[in-house]
Structure formats: structure tokens, C-alpha cells
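Residue-level listing of the chains:
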2 protein chains.
Amino acid sequence: MALFAPPQRLELASGKTFGPVNVAYETLGTLSPAKDNAIFICHALTGDAHVAGRYGEEDDKPGWWDAFVGAGKGIDTNRYFVICANVLGGCQGTTGPESPNPENGAPYGREFPFITVADMVRVHKALVQELGITRLLAVVGGSLGGMQVLEWAARYPESIASAIVLASSPRLNAQALAFDKVGRRAIVTDPCFRDGNYYGHEEKPRFGLALARMIAHITYLSDKAIEMKFGRRLQHSDELTYDLLQETEFQIESYLDYQGKRFVERFDANSYLLLTRAMDYFDLEAEHGPMSRCLGKTDARFLVVSYSKDWLFPTAESKMIVRALLEARRDVTYAELESDHGHDAFLIESEIPKLTQLVRPFLETTFRRIAD
Amino acid sequence: MALFAPPQRLELASGKTFGPVNVAYETLGTLSPAKDNAIFICHALTGDAHVAGRYGEEDDKPGWWDAFVGAGKGIDTNRYFVICANVLGGCQGTTGPESPNPENGAPYGREFPFITVADMVRVHKALVQELGITRLLAVVGGSLGGMQVLEWAARYPESIASAIVLASSPRLNAQALAFDKVGRRAIVTDPCFRDGNYYGHEEKPRFGLALARMIAHITYLSDKAIEMKFGRRLQHSDELTYDLLQETEFQIESYLDYQGKRFVERFDANSYLLLTRAMDYFDLEAEHGPMSRCLGKTDARFLVVSYSKDWLFPTAESKMIVRALLEARRDVTYAELESDHGHDAFLIESEIPKLTQLVRPFLETTFRRIAD
């Protein structure tokens, strides 16, 4: 959907304006006549609008949260109208650095403006409004998606009836900033990056982007998960090769290489820089004041979920949100789910039943309350 | 000291032979007439032979363990004769990939053989023997240095009276392998690396090596240490720049850049590849059989120390060593030291007093026992 076409340009957090913005979004289920059953799903760093379902029988891979979203599932598309949109600055359909600049038809590249989580949410709010929805039954998201949920609550307190924040935080800690930094460093020091203007060139900053993904991927997994899955098992044989050029001696190495390779096929390096920086910048309290105040402005019900072995967005950071909501006398449910998976747990199929057990009744209660 | 000159070449774990090896080493204190007061210190990944002291009044930086080793210190050079040698494959004086190949005078580069922790220890054992010492009072080391200590104990059980293993492990876990892998990947994908033959070129793989160091450096610090030291503080002003090219917006970013830059001035990329791979390969039990058996061969006393917030070499891995020693009915003292620092704690000056309290009496008791 085309939004912010001149003269209504989007006012960005940086002070600049930008437009037009094309938003790639998908919907599942049916919007009720009262328009009171809409749920907006915020995707994480490298997600997209294709949250669930298949495009056809030929489609061999369903959406990224297919185990959780669909008919009869945790977010039941028989009852709710689900919207998921790609974020501003992304590379999966919504306007981003890879998109053509209407002024000259060439990809924006480095001309693309700096964006923040607030900017992403501004765009999604405009989309929801265009769809004729004044108040969402729920906004839901994990990780960077959870940051967007918090931003929705603080920025548009009256437009949400509930908020579901998974494996997230009101701001990245120093260690998470550090990992983001080295990932971006891998990209910008790749000679093929060419200061972000690589679109016209055959060589893309593949090595840098793959490396950034590999580093980040380690932080998404718990030490226990990676130990159980790979340990010190060798990839090619039972014998060590004593060869320094053998970069995939251990299975974990081969796995990381594979993750890196797969990622560069689907993601744009400039988007990766922009979105990780938006994550770094996100600081709910710096932007909106003390959490108990800024989250207290909404009467939305909250469900906050953290995962026991998530070391990128540790449980303590979810508890900060919960404490602030309690202080503000808001309605909040909190669960730390036990899982050997780390940060990625909210995306992992085997962990979805536990999440479903929490989310289904939470949504039902919310829906009943607003119907009353 | 020149060792393994033809025809006595060093037999490597890989099956190849290599020589000659020049070993850079330093000594402190005086060897007793009975030659029973010698302590060998094994340095960690990027350390060197200059363990303590200054080369002269002009020298503005003392050795890397100066707070711990010296007259009246934890390892008291008034009483003990201290030896520290750079490892095989390193770049601080002992023969490594940067050294000239005597066959043609050019640096070995990729011609340098694959080496293991056992190979490093073989060289150091030969050095100790050349110095006329049959039995060391102690072998001491942290991290990769601790791995060398374990190797000494398993390979040369009669040649040590005690072993001090700090912040170490009998083998890297999968997460540690993963971090080593991405660090090496940063180096080998740097176009200036040229498959390891970069010595003749003006451009060195600086970006890759710096990035490898930055990644590793994160793993040396605890999340708490990094949070307290940097948090989300900005580097340049109180205002965010909203500039994607500003790579040092946060203090933690500037700090990592600095660590990377400083490192490339003193370290060689090929050595980094070799030594991290040697660390990956180290697996005491795979090489020598069950720990209770292979460590049970020595009657050396053990002191094993781990640090509470070390997530690269977690406490649990030190406990594996301790359990095996107890099973073998060996004399072992174990302490988990509380510290907000992570893996780096054994090197950090403010943590040295706690270490000193353990090591001084341990060495005194060992010395008294062998004198009896």
C-alpha cells in the first residue's frame, strides 16, 4: 500500500521527512464488521510480511510464524484478522534502501534516510488506519518486534487493546550493542560494500553480510542448545585434517557457514545496517520518559514473555517492563518460559505450544473485555 | 634458543616434522643449585614471553602479568626461577608463520605447518630440558595457557611437581568453537589476506584481524562488566547523530574499535589463525584418554581456578577437571573466584590479589613437599 505520498511525507525521528512509502503487508482471517478483531504482528530483524500460510500448493515454505498463526492456532485466524507488514527500511517489499528512489529511478542506497523503531511504527500505524482500524485487539512481536510493540503502546496508547511482548527489552544492553557493532563492521569493511552503493555492481558485500549473520546467529542460540546440537562433532569424517584451510572441520562451523550463505540470498546489506542501528537506538525511556509513566498511558492489557536461556534479551530486561507496568497499576501477565533454546525460542516450532497456551486465553479475555 | 635443528626435527601432532625452531623466552629470578625452584608460565592466545618486569627505565609498559609475577608477588621471583616462552606458531619471537623459512629466507606464510597445543608444549619441554631442568616446581597458565598446563600434565607427568590451571577447559565447547570460527572467517575473507601470503604486500589483512579481535574481545568480558563500564553511554556528545556512517556512536563501539586497532599493530593474522585453530583442536580426553586416567599419571598437585562470570570457559568445565582429579585420588585445590570480570579476570590487575592468596601458599606447600 502506498502511503506518505507527497505532500504528506513521513516525519522521521531524525527530523527529516521521507516519502512515498510503499508498505508490503499480508492479512489472514476476516475483519469483523465492528473492526474489533484485528491483530498486528511486528516481525523481528530479518522477518517479513509473510507471517503464516503458503502462497499456493507449489509453495514449499510457509510463513515464518506458521506454527503460531493460522486457523485454530495460537493466533487463531478463524477468529481474528491478522495483519503483518514488512518494516520501513527492510528489503522484503516495504520501501527500503534497495527500492528505487522515485526522483531518479535508481536504488536509494546510501541516500536512504536513517530510521528508528518509532519510524517503523509510524508507518504501520498509518497502514492500520488506512485499513479502517482505529483500535487493534493486539499488537504482538518478539525481539525487535517486541520493541515495536512497546513503541506502539507508548506512542499510540489508545489504539491498542493489548500488547504481547516476547523475548524483548526496552533497550539493548552493552553486550548486545557490541555484537551489533561487530556485525555492521563486517559489512562496512567488505570492499564490495562500496559505502552502500553496491546495487549497480555485480559483486555484493556477501562475505561481510554472511559474517554479520553468523555472529548474530551465535547470539540467538543458547550455549546449551548449540552444545547439544553440535558439540565438537566433526563435519567430514572421524579424523581431524590438520589443515588450516579446512574451515568446516567442526559441524558447528559448517552450520554457521550455511546460515551465512542462506541469509545473503534473501537479505540486503544496507537494510541490515539500518535495522540493527534502529535496534541499537531504541530506548523506550530515553524517548518517552520513565516506563511506568509512558506505558501507563495505555489501558491495554500486557503479556510479557521471556525465555530462560535467552542471553541476548535476558529475562531481567523483560522483568523491568513488568515491574514498570505493575507500578503503573496496569494489567500485566508475565511468564518466563523454560527453554533450552536461546533468544530464537519464540520462533522455534517446538516452543510454540507453550506460547500458544499463554496467548490464546490472553487474546480471548481481551476480546471478551472489549466486547463488553 | 635454537632447538630442533636438523637432523633432530620436531615431530608434530599432524605427523609432519618441522625445524629449526627458535624459542623466544625470558627468565626472572635465580635457578637454585638443586634446580628445583623453576616455574614455567604458559601464556594465553595473544601473550608473549615478556611475562613481567620492564626492559629498562625507558620501558613504559611492563610484562603482561606484572601484577602477579615479581619480587614478593604471587609468583615470587625472590624465591622461584620463572620461565616464560612464546609459543610455537606465535609472532612474538618464537618461530611462526612470519619467521623466515631458512630454505629461502622468505616468511613461511602458508608454508608454516599446522600446530597443536601438544606441539607448543613439546617445544617448551625441550627448552626446559636445555635449561637443565628435569622437573618443574609448577606449570602455570590461564585460558590457552591452562590448556598447555593440562597437556604438560598428561604428556610429561613426571616432569612437573604442580599444575595451576586458570580459567581454562579440557576442550572448547561448541559456542567457543563458533566464536573462533567467525573470527577466522573475518580474516580469511579479507582480500588483503591473500591466502596467507600477505607478507610481501604493503596491505595487511588489518580489517579482518581487527574484527576477529573485536569479536573475541566481547567474549572475554562479562555482560555485567561491559554494562557497568559502558552501558549505553554515547561517545561523542549527549545527542544521537542519526547518521549510519557514525560507527562509534556508543562508547562500547569506540572501545571495540580501539581494541581492534591496537591488536593489529602487535599481532600477525596467520599466527591468529594457527593459534585459535590449535585451541579448537585441543581435546585432552580425545588425545590422552579419560581425564581421570591421563591426569592420574602425574603425582603433581593441582590448583584449578575458574571465574564466576567467565562464559567462554565456564566454571562447569573447570569442575570437570577437578572431578577427574578427585576420581584419580590426586591432590587438587579448586576455587571459583567471584568476579564481575569475565574470562579476562585472570589477567586483570584488580583480580590479582585474590589469585595471589591462593597461589602463594600453594607454591610454598609444593616447594616444601618436594624439598622433604
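Source: prediction; values computed, not measured. (Residues numbered from 1 in each chain as written. Chains lettered and ligands numbered in written order. Predicted model: local features only at pLDDT ≥ 70, side-chain atom pairs only at ≥ 80, totals over all residues.)

A.B. asks: Could you clarify how one ought to interpret helix α2 (residues 144-155) of chain B in this entry?
C.D. replies: In an α-helix, one turn spans 3.6 residues; hence positions three or four apart end up facing the same way. Residue and element names in this part refer to chain B. Here α2 spans 16 Å end to end across 12 residues, near enough to the 16 Å set by a 1.5 Å rise per residue. Of all 12 residues making up α2, 11 are buried, and the element is well covered by its neighbours. Buried within α2 are the following residues: L144, G145, G146, M147, Q148, V149, L150, E151, W152, A153 and A154. (Helix = DSSP H or I, 4+ residues; strand = E, 2+ residues; numbered from the N terminus. Expected span 1.5 Å × (residues − 1). Buried ≥ 20, exposed ≤ 12 C-beta atoms within 10 Å, placed from the backbone.)

A.B. asks: What should I look at first to understand the domain arrangement of chain A in this one?
C.D. replies: Quoted interface sizes are often the accessible area lost when the parts come together. Residue and element names in this part refer to chain A. For chain A, the domain assignment lists domain 1 (25-85 + 135-171 + 284-371) and domain 2 (176-276). When each unit is reduced to the centre of its C-alpha atoms, the spacing between domain 1 and domain 2 is 28 Å. Facing 10 residues of domain 1, the contacting portion of domain 2 comprises 11 residues. Tallied by class, residues from the side of domain 1 that touches domain 2 come to three nonpolar, four polar and three charged. (Domains from an automatic or database assignment. Contact = placed C-beta atoms within 7 Å. Nonpolar A, V, L, I, M, F, W, Y, C, P; charged D, E, K, R; others polar.)

A.B. asks: Can you walk me through the environment of B:A167 in this structure?
C.D. replies: Residue and element names in this part refer to chain B. Tracing the backbone shows A167 in the loop between β11 (162-166) and α3 (174-188). Assessed through the 30 C-beta atoms surrounding it within 10 Å, A167 is described here as buried. Residues A167 and L284 lie 117 residues apart in sequence; the distance between their C-alpha atoms is 16 Å.

A.B. asks: How should I be thinking about the sheet that holds strand β13 (residues 332-337) of chain A in this particular structure?
C.D. replies: Two pairing modes exist for strands in a sheet, parallel and antiparallel, and in both the strands are linked by backbone hydrogen bonds. All names here are of chain A. The strand order across the open sheet built from seven strands is β5-β9-β6-β10-β11-β12-β13, with neighbouring strands paired in mixed fashion. Whereas interior strands pair on both sides, the edge strands pair on one side only; in this sheet they are β5 (25-28) and β13. With direction set aside, neighbouring strand axes in the sheet form an average angle of 15°. As judged from the six bridges shared by strand β12 (residues 301-307) and β13, these two strands associate in the parallel manner. In the strand pairing of β13, Y307 is matched with L337. Each of β11 (162-166), β12 and β13 touches helix α10 (residues 315-327); the most contacted strand, β12, lies at about 160° to it. Across the sheet, helix α11 (residues 352-371) lies against β10 (138-142), β11, β12 and β13, angled at about 175° from β12, the strand it touches most. (Pairing = 2+ DSSP bridges. Axes fitted to C-alpha atoms, helices over the stretch in contact; angles between N-to-C directions.)

A.B. asks: Would you take a moment to explain the packing of helix α3 (residues 174-188) of chain A against helix α6 (residues 251-266) of chain B for this structure?
C.D. replies: Pairs of packed helices are described in terms of their axes, by the angle between the two and the distance that separates them. Their axes nearest at 9 Å, the elements α3(A) and α6(B) cross at an angle of 55°. It follows from the interaxial angle that α3(A) and α6(B) lie oblique. The element α3(A) and its partner α6(B) pack so that their crossing is right-handed. Two secondary-structure elements touch here, α3(A) through A:A174, A:L177, A:A178, A:K181 and A:V182 and α6(B) through B:I252, B:E253 and B:L256. The class makeup of the residues in the contact of α3(A) with α6(B) is six nonpolar, no polar and two charged. (Parallel < 35°, antiparallel > 145°, perpendicular 65-115°, else oblique. Left-handed = near helix turned anticlockwise from the far one by under 90°.)

A.B. asks: What should I look at first to understand the interface of chain A and chain B in this one?
C.D. replies: Counting residues at the interface gives 40 residues for chain A, matched by 40 residues for chain B. Of all elements in the fold, only α3, α4 (206-220), α5 (223-229), α6 (251-266) and α7 (269-281) of chain A reach the threshold of two or more residues within the side of chain A that touches chain B. No other element matches the nine residues that α3(A) contributes to the side of chain A that touches chain B.

A.B. asks: What exactly am I supposed to notice about the confidence of the model for chain A here?
C.D. replies: In low-pLDDT segments, the atomic positions of the prediction should not be examined closely. With 100% of its residues at a pLDDT of 70 or more, chain A has an overall mean of 97. The complex model carries a pTM of 0.97, and its ipTM stands at 0.96. (pLDDT = per-residue confidence, 0-100.)

A.B. asks: What exactly am I supposed to notice about the relation of the copies chain A and chain B here?
C.D. replies: Each of the two chain copies can be brought onto the other by rotation about an axis and movement along it. Between chain A and chain B, the superposition needs a rotation of 180° and an axial shift of 0.0 Å, giving an RMSD of 0.0 Å. As the rotation angle and translation indicate, the two copies are arranged about a two-fold axis. In this assembly the copies share their binding face: 98% of the residues contributing to the interface of chain A also contribute to that of chain B. (Least-squares fit on C-alpha atoms with pLDDT ≥ 70 in both.)

A.B. asks: I would appreciate a short explanation of unusual backbone geometry in the present structure.
C.D. replies: Residues other than glycine predominantly adopt negative phi, and peptide bonds predominantly adopt the trans conformation. The amide bond that connects B:P6 to the next residue, B:P7, takes the cis arrangement and shows omega of 10°. For the bond running from B:G19 to B:P20, omega is -5°, close enough to zero to count as cis. Mapped onto the secondary structure, B:P20 falls in the loop between β3 (17-18) and β4 (21-22). We note that A:Y242 has phi near 50°; this positive angle belongs to a residue other than glycine. For A:Y242, the position within the fold is in the loop between α5 and α6. On the basis of neighbour counts, which here come to 18 C-beta atoms within 10 Å, the residue A:Y242 falls in the partly exposed class.

A.B. asks: How do you make sense of the pairing of strand β10 (residues 138-142) of chain B when you look at a structure like this?
C.D. replies: Across a regular strand the side chains alternate sides, sitting on one face of the sheet and then on the other. Residue and element names in this part refer to chain B. β10 sits mainly inside the fold: five of its five residues count as buried. Both faces of β10 are covered, namely the face carrying A138, V140 and G142 and the face carrying V139 and G141. Looking at chain direction, strand β6 (residues 38-42) and β10 are connected through four bridges and run parallel. Each bridged residue has a counterpart across the sheet, and for F40 the counterpart in β10 is V139. In the sheet, β10 pairs with β11 via four bridges, with the strands oriented parallel. Residue pairing in the sheet places G141 in a bridge with V165 of β11.

A.B. asks: For this particular structure, what's the right way to read the nonpolar core?
C.D. replies: Across soluble globular proteins, nonpolar side chains have a tendency to be buried as a group. A:I39, A:V82, A:A163, B:I39, B:V82 and B:A163 are the most contacted members of the largest nonpolar core, which totals 256 residues. With residues near it in sequence (within four places) discarded, B:V82 still touches B:T27, B:L28, B:G29, B:I39, B:I41, B:V51, B:V69, B:I75 and B:T77. (Core = buried A, V, L, I, M, F, W, Y, C linked by C-beta atoms within 7 Å.)

A.B. asks: Looking at this model, I keep getting lost on the packing of helix α1 (residues 117-130) of chain B against α2(B). Mind explaining?
C.D. replies: All names here are of chain B. Where α1 contacts α2, the two axes come as close as 9 Å, and the packing angle between them is 70°. One element, α1, and the other, α2, form an angle in the roughly perpendicular class. Relative to α2, α1 is oriented so that their crossing is right-handed. Of the residues in α2, those in contact with V117, A118, M120 and V121 of α1 are M147, Q148, E151, W152 and R155. Tallied by class, residues from the contact of α1 with α2 come to six nonpolar, one polar and two charged.

A.B. asks: Please clarify how the pairing of strand β9 (residues 81-85) of chain A should be interpreted in this entry.
C.D. replies: Residues and elements named next belong to chain A. Among the five residues in β9, five count as buried, and that is most of the element. Both faces of β9 are covered, namely the face carrying F81, I83 and A85 and the face carrying V82 and C84. Relative to β9, β5 runs antiparallel, the two being bridged by four bridges. Counterpart to Y25 in the pairing with β9 is A85.

A.B. asks: Help me understand the sheet that holds β6(B), please; the structure alone is not making it clear to me.
C.D. replies: Residues and elements named next belong to chain B. Across the sheet, which stays open at both edges, the seven strands sit in the order β5-β9-β6-β10-β11-β12-β13 with mixed pairing between neighbours. The sheet is open, and its two edges are formed by β5 (25-28) and β13 (332-337), each paired on a single side. Going across the sheet, the axis of each strand differs from the next one's by a mean of 15°, ignoring polarity. Of the strand pairs in this sheet, β11 and strand β12 (residues 301-307) are connected by five bridges, and their pairing is parallel. Note that in β12 the partner of I164 across the bridge is L303. Contacting β6, β10 and β11, α2 runs over the sheet at an angle of about 150° to β10.

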